[in-house]
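Okay, here's what each chain looks like letter by letter:
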Amino acid sequence: TAPLLKAWARSDEIAVTDGSDIYSWMPSTGTWRRIDSIGAVEATWDTHVDTNLSVDAVDVDATSAYVASTWMTGGLSGGTLGVYAQLKDAVTGALILPPTLIDVNGFFPRVVILSTVAVVIYCSTTNVVAKTITLATGVVSAPTTLRNDLGTIGTTGLIDVCHNAA
C-alpha cells in the first residue's frame, strides 16, 4: 500500500489520497474504502517576481479562468516579513492584481478560489486572518479575523486551507 499523501474533510467524512486513488474512512469497519481513482494531473509553472528576493512560502490555486498566488517574505530567510498576493487571468496572463503587499505582519499564507473571490488566509501577529480578492476587479478586502488565539494554539502559525467539494 502506498503512503497517504494528503487528508481533508469532505462534507461529513475524512478523505485521503495516496496519489493514485481517493479513500474514505469507514468508522463502522475501522478501514479505508476506495472511492475512486484520481484523473490525469497536469503540472504548470509561472514565474513570480519578488523584489525582496526572500520568498519563503508560496501557495497557488487555479481555475480555468484565474490563477491566485500568495507568498510570504522574510521569515525563514530573514528580511522584511509580509504576505503578498497576485491574481492573473489564466487565459491571457494579464495581471488583475499585480504583486501586492497585503499584510506587513503576515506569515504562512494560503489561498483558495471560491466562486467570485480568492480568499487569502494567513497568520498575522496572534491572529488567523482572511482577506478576499474580487476576481473580476482585483480589489482586496479589509481583514477579517478568523481566530485570535494563535499564541495559545502554538507559535508556528502552520495552517492549511482546502476546498470542501461536497
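Since the structure is predicted, the reported quantities are computational estimates derived from the model, not experimental observations.

1. Description of the packing of aromatic side chains
- Tallying each qualifying case throughout the model produces 3 aromatic pairs.
- Both rings, one in Trp25 and one in Trp32, keep their centres 5.0 Å apart while their planes meet at 65°; by these two values the pair is edge-to-face.
- According to the relative accessible area criterion, Trp25 is partly exposed, its value standing at 34%.
- Measuring from ring centre to ring centre gives 5.8 Å for Phe107 and Phe108, while their planes differ by 75°; the resulting arrangement is edge-to-face.
- Relative accessible area serves as the criterion here: at 18%, Phe108 is assigned to the buried category.

2. Things to note about the sheet that holds strand S12 (residues 144-147)
- Strand order in the open sheet formed by 4 strands is S9-S10-S11-S12, and the pairing between neighbours is antiparallel. The sheet terminates laterally at strand S9 (106-114) and S12, the two strands that pair on one side only. Neighbour to neighbour, the strand axes of the sheet diverge by 30° on average, direction disregarded.
- Pairing of strand S10 (residues 117-124) with strand S11 (residues 127-134) involves 8 bridges; the strand directions are antiparallel. Across the sheet, Val119 pairs through a bridge with Thr132, a residue of S11.

3. Thoughts on the nonpolar core
- Counting 14 residues, the largest nonpolar core has Ala118, Val120 and Ile133 as its most contacted members.
- Only strand S7 (82-89), strand S8 (95-103), S9, S10 and S11 provide two or more residues apiece to this core.
- Look past the residues within four positions of Ala118 in its chain and what remains in contact with it is Ala68, Val111, Val112, Ile113, Lys131, Thr132, Ile133 and Leu135.

4. Points about the pattern of salt bridges
- Following the criterion strictly, the structure yields 1 salt bridge and no others.
- Two residues, Arg34 and Asp21, come together in a salt bridge whose shortest N-O distance is 3.1 Å. Of the two residues, Arg34 is situated in strand S4 (residues 31-37) and Asp21 in strand S3 (residues 21-26); the sequence distance between them amounts to 13 residues.

5. Comments concerning unusual backbone geometry
- Positioned with a positive phi, Phe108 is a non-glycine residue whose angle comes to about 50°.
- With respect to the helices, strands and loops of the structure, Phe108 is situated in strand S9.
- One non-glycine residue, Ser115, lies in the positive phi region at around 60°.
- Among the structural elements, Ser115 can be located in the loop between S9 and S10.
- Given the relative accessible area of 70%, Ser115 is considered exposed.

Cut-offs used in this document
- Residues numbered from 1 in each chain as written.
- Predicted model: local features only at pLDDT ≥ 70, side-chain atom pairs only at ≥ 80, totals over all residues.
- Heavy atoms only, no water.
- Phe/Tyr/Trp six-rings, centres within 6.5 Å; stacked < 30°, edge-to-face > 60°.
- Buried < 20%, exposed > 50% of the residue type's maximum accessible area, 1.4 Å probe, protein only.
- Pairing = 2+ DSSP bridges.
- Helix = DSSP H or I, 4+ residues; strand = E, 2+ residues; numbered from the N terminus.
- Axes fitted to C-alpha atoms, helices over the stretch in contact; angles between N-to-C directions.
- Core = buried A, V, L, I, M, F, W, Y, C linked by side-chain atoms within 4.5 Å.
- Contact = heavy atoms within 4.5 Å.
- Salt bridge = Lys/Arg side-chain N within 4 Å of Asp/Glu carboxyl O.

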